[in-house]
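# A look at the structure
Here is what each chain is made of, one letter per residue.
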Amino acid sequence: QKEVEQDPGPLSVPEGAIVSLNCTYSNSAFQYFMWYRQYSRKGPELLMYTYSSGNKEDGRFTAQVDKSSKYISLFIRDSQPSDSATYLCAMGKDTGGFKTIFGAGTRLFVKA
Amino acid sequence: DSGVTQTPKHLITATGQRVTLRCSPRSGDLSVYWYQQSLDQGLQFLIQYYNGEERAKGNILERFSAQQFPDLHSELNLSSLELGDSALYFCASSPQLSGQPNTEAFFGQGTRLTVV
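Okay, so let's go over this structure. (Residues numbered from 1 in each chain as written. Chains lettered and ligands numbered in written order. Predicted model: local features only at pLDDT ≥ 70, side-chain atom pairs only at ≥ 80, totals over all residues. Heavy atoms only, no water.)

### Brief notes about the interface of chain A and chain B
Each partner contributes residues to the interface: chain A has 19 residues there, and chain B has 24 residues. Summing both sides of the interface, chain A and chain B together bury roughly 1,800 Å²; the carbon and sulfur share of this comes to 52%. Run the count over chain A and chain B and you get zero salt bridges. Between the two partners, chain A and chain B, sit three residue pairs in polar contact (both at pLDDT 80 or more). Contributions of two or more residues to the side of chain A that touches chain B are made by strand S4 (32-38), strand S5 (45-51) and strand S10 (98-102) of chain A. (Contact = heavy atoms within 4.5 Å. Buried area = accessible area lost by both parts, 1.4 Å probe. Salt bridge = Lys/Arg side-chain N within 4 Å of Asp/Glu carboxyl O. Polar contact = N/O pair within 3.5 Å; in protein donor to acceptor, adjacent residues only side chain to side chain. Helix = DSSP H or I, 4+ residues; strand = E, 2+ residues; numbered from the N terminus.)

### Considerations on the pattern of salt bridges
Taken as a whole and judged by the stated rule, the model has six salt bridges over all chains. Across the salt bridge formed by Arg60 of chain A and Asp83 of chain A, the nearest N and O atoms sit 2.9 Å from each other. Placement of Arg60 of chain A in the loop between strand S6 (54-58) and strand S7 (61-66) and of Asp83 of chain A in the loop between strand S8 (71-76) and strand S9 (85-94) is noted, with a sequence separation of 23 residues between them. Exposure remark for Asp83 of chain A: the relative accessible area of 1% places this residue in the buried category. Residues Glu82 of chain B and Arg63 of chain B are paired through a salt bridge, measuring 3.7 Å at the closest nitrogen-oxygen approach. Taken together, the residues Glu82 of chain B in the loop between strand S8 (74-78) and strand S9 (87-94) and Arg63 of chain B in the loop between strand S6 (53-57) and strand S7 (64-68) connect sequence positions 19 residues apart. Look at Glu82 of chain B and you get partly exposed, because its relative accessible area is 43%. (Buried < 20%, exposed > 50% of the residue type's maximum accessible area, 1.4 Å probe, protein only.)

### So, the packing of aromatic side chains
Overall, the coordinates contain 13 aromatic pairs over all chains when judged by the stated rule. Centroid distance Tyr25 of chain A to Phe33 of chain A: 5.3 Å. Interplanar angle 45 degrees. Geometry classified as tilted. The pair formed by Tyr25 of chain A and Phe33 of chain A is uniform in burial state, with each residue classed as buried. When the ring of Phe102 of chain A is compared with that of Tyr35 of chain B, the centres are 5.5 Å apart and the planes differ by 85 degrees; the resulting orientation is edge-to-face. Taken as a pair, Phe102 of chain A in strand S10 and Tyr35 of chain B in strand S4 (residues 31-38) lie in two separate chains rather than in one. Neither Phe102 of chain A nor Tyr35 of chain B differs from the other in exposure class; each is buried. A connected cluster of aromatic rings, assembled from ring pairs, spans Tyr36 and Phe102 of chain A together with Tyr33, Tyr35, Phe45, Phe90 and Phe107 of chain B. (Phe/Tyr/Trp six-rings, centres within 6.5 Å; stacked < 30°, edge-to-face > 60°.)

### Comments concerning the pairing of S4 of chain A
For a regular strand, side-chain orientation follows a simple rule: the groups alternate between the two sheet faces. Residue and element names in this part refer to chain A. Of all the seven residues making up S4, seven are buried; the element is thus mostly covered by neighbouring parts of the structure. Here S4 shows a buried face lined by Tyr32, Met34, Tyr36 and Gln38 and a second buried face lined by Phe33, Trp35 and Arg37. The pairing of S4 with S5 spans six bridges and is antiparallel. Paired with Tyr36 across the two strands is Leu46, which belongs to S5. (Pairing = 2+ DSSP bridges.)

### A few points about the pairing of S7 of chain B
Residue and element names in this part refer to chain B. Here S7 shows one buried face, formed by Phe64, Ala66 and Gln68, and one open face, formed by Ser65 and Gln67. Bridge analysis of S7 against S8 gives five bridges, and the strand direction is antiparallel. Pairing of Ala66 across the sheet is with Leu76, part of S8. Counting the residues in the hairpin turn of S7 and S8 gives five residues, including Leu72, whose phi is positive at 80 degrees.

Dropping the structure here:
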């Protein structure tokens, strides 16, 4: 079993839809929970991060972490064609350094 | 532009060969991370260096090694290359050692390695 599970999709939605992306994980030692966006042929860029449980909102993006269920979500409101990308969840823990484990990534297509 | 520079952008080499990938972190960033991204394995953490010292290790093969130099640039050395090593190799940098005060790591554009 992988430490982080993420449905690779693809997920196709119409413009303006609310998108829900999810990951589950098995290691309760994870402290940091991140969402990265990766456009084709580019490096990932950090969208959201949360330390421990709770919700965080930034513009059209909301990240939720439920440590009791080992489940994290990213919601995108009013989705735009420019949101079409691969979304990677990631989990991190301090180990004397910092180690990050990524999900497989979900490919999202937002149709105009 | 993230400020992280990776060279070369593309590399084609034969099985059994050795290559070196180079990363220049953002100005002032002390941590450098290396990742491998392939279709079947996804994005995998390889190793972290902080101010010249190895600080975290992931699923890095023994045939792979890395180092960070006094000027903070880093190199990833891949030897005895196999077809399965074909992948995108990303470098990322951040100012801090750990996850606090934030976890943002800035990624370079990657080096696409093709082993034939």
